[in-house]
Every structure is written in C-alpha cells, then in structure tokens.
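In case you want the letters, here they are:
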Amino acid sequence: MQSMERRMATATSVANAAMFVPLAIFWYHATARRAFSVARVLVGCLSLSLGIEIVQLVMNAGRVVDVDDVLFNTTGALVGLLVAWASSRWAGKRLRTEQRTRLLSG
C-alpha cells in the first residue's frame, strides 16, 4: 500500500467509527432509565451497520460493501457507550455531592 492509500484507508476507518459514536451516546441516554443493556445497544448498532451494508449490496449503486465498515461502526458505538457511561457516572457523582452539601448546609 502506498502512503496516500494508507492515509485514505485510515481516514475512512476513523470516519466509520466516528459516525456511530453520537448514535450510541444518544441511545444510552435515551434508554438509561429503563432496562438498559450495553449488549443491546451494541447489537442494535451492529444490526444497523449490517443493514446499511446489505442495502449497499442490494442497490448495487457503485458502493463498496466491506466488513471493515461494520467492525469500525461497532467499535465507534462501543466508544460512544464508554463516553456516555463515563459522563453519566461523573454527572451522578457531582449531583450526589451537591445534594449532600445542601443537606449538610441547610
């Protein structure tokens, strides 16, 4: 692989992963109060990615069907879940600390 091809492949992989990060964050926060399962979100994102690739295959509109897209989309969903989980833990700790401070001062 030439240097330019390597950069293009890397950029495409990063873009595929980045595309599913906000989806996973949204999905996590949309279902956080119900019976939430990380596996459910990951399977949902995997299914969505597979669906996209199947549509590209069936339409035959000059798009390249690639398993790497599915893998990087799912990896992006995992990153999004980790970000959402960490942010909700941080926000929860902060909220509990503020409530404790109000109780002690009031």
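The structure we're discussing is the one just above.
Attention in this report is confined to the structure presented alongside it. (Residues numbered from 1 in each chain as written. Predicted model: local features only at pLDDT ≥ 70, side-chain atom pairs only at ≥ 80, totals over all residues. Heavy atoms only, no water.)

**Quick notes on the environment of Trp85**
Part 1: Along the polypeptide, Trp85 turns up in helix H3 (residues 67-105).
Part 2: Exposure remark for Trp85: the relative accessible area of 46% places this residue in the partly exposed category.
Part 3: Separated by 56 residues in the primary sequence, Trp85 and His29 place their C-alpha atoms 8.8 Å from one another. (Helix = DSSP H or I, 4+ residues; strand = E, 2+ residues; numbered from the N terminus. Buried < 20%, exposed > 50% of the residue type's maximum accessible area, 1.4 Å probe, protein only.)

**As for the nonpolar core**
Part 1: Phe20, Ala24, Tyr28, Val41, Cys45, Ala77, Leu81 and Ala84 form the largest nonpolar core, which has 8 residues in total.
Part 2: When residues of this core are traced back to their parent elements, those giving at least two are helix H1 (3-31), helix H2 (38-59) and H3.
Part 3: Excluding its chain neighbours within four sequence positions, the residues that come into contact with Ala77 are Phe20, Ala24, Leu42 and Cys45. (Core = buried A, V, L, I, M, F, W, Y, C linked by side-chain atoms within 4.5 Å. Contact = heavy atoms within 4.5 Å.)

**So, a nonpolar patch on the surface**
Part 1: Taken together, Leu46, Leu50, Ile54, Leu57, Val58 and Val65 make up a surface patch of nonpolar side chains, about 540 Å² in accessible area.
Part 2: Position of Leu46 relative to the elements: it lies in helix H2. (Patch = residues over 30% accessible without salt bridge, like charges linked within 9 Å, V, L, I, M, F, W, Y side chains within 5 Å. Areas by Shrake-Rupley, 256 points an atom, 1.4 Å probe, with all protein chains shown as cover. Salt bridge = Lys/Arg side-chain N within 4 Å of Asp/Glu carboxyl O.)

**Here we look at the layout of surface pockets**
Part 1: In this structure, the largest pocket spans a volume of roughly 290 Å³.
Part 2: If you trace the largest pocket, you find 16 residues lining it, with Thr12, Asn16, Arg63, Val64 and Asp69 closest to the centre.
Part 3: Mapped onto the lining of the largest pocket, the elements with two or more residues apiece are H1, H2 and H3.
Part 4: For the lining of the largest pocket, the element with the highest residue contribution is H1, accounting for 5 residues.
Part 5: Along the lines of polarity and charge, the residues of the lining of the largest pocket split into 5 nonpolar, 6 polar and 5 charged. (1 Å grid on protein atoms, 1.4 Å probe; cavity = no way out; pocket = protein on both sides within 12 Å on 5 of 7 lines; lining within 4 Å. Points joined across faces, edges and corners; volume = space filled by probe spheres on them. Nonpolar A, V, L, I, M, F, W, Y, C, P; charged D, E, K, R; others polar.)

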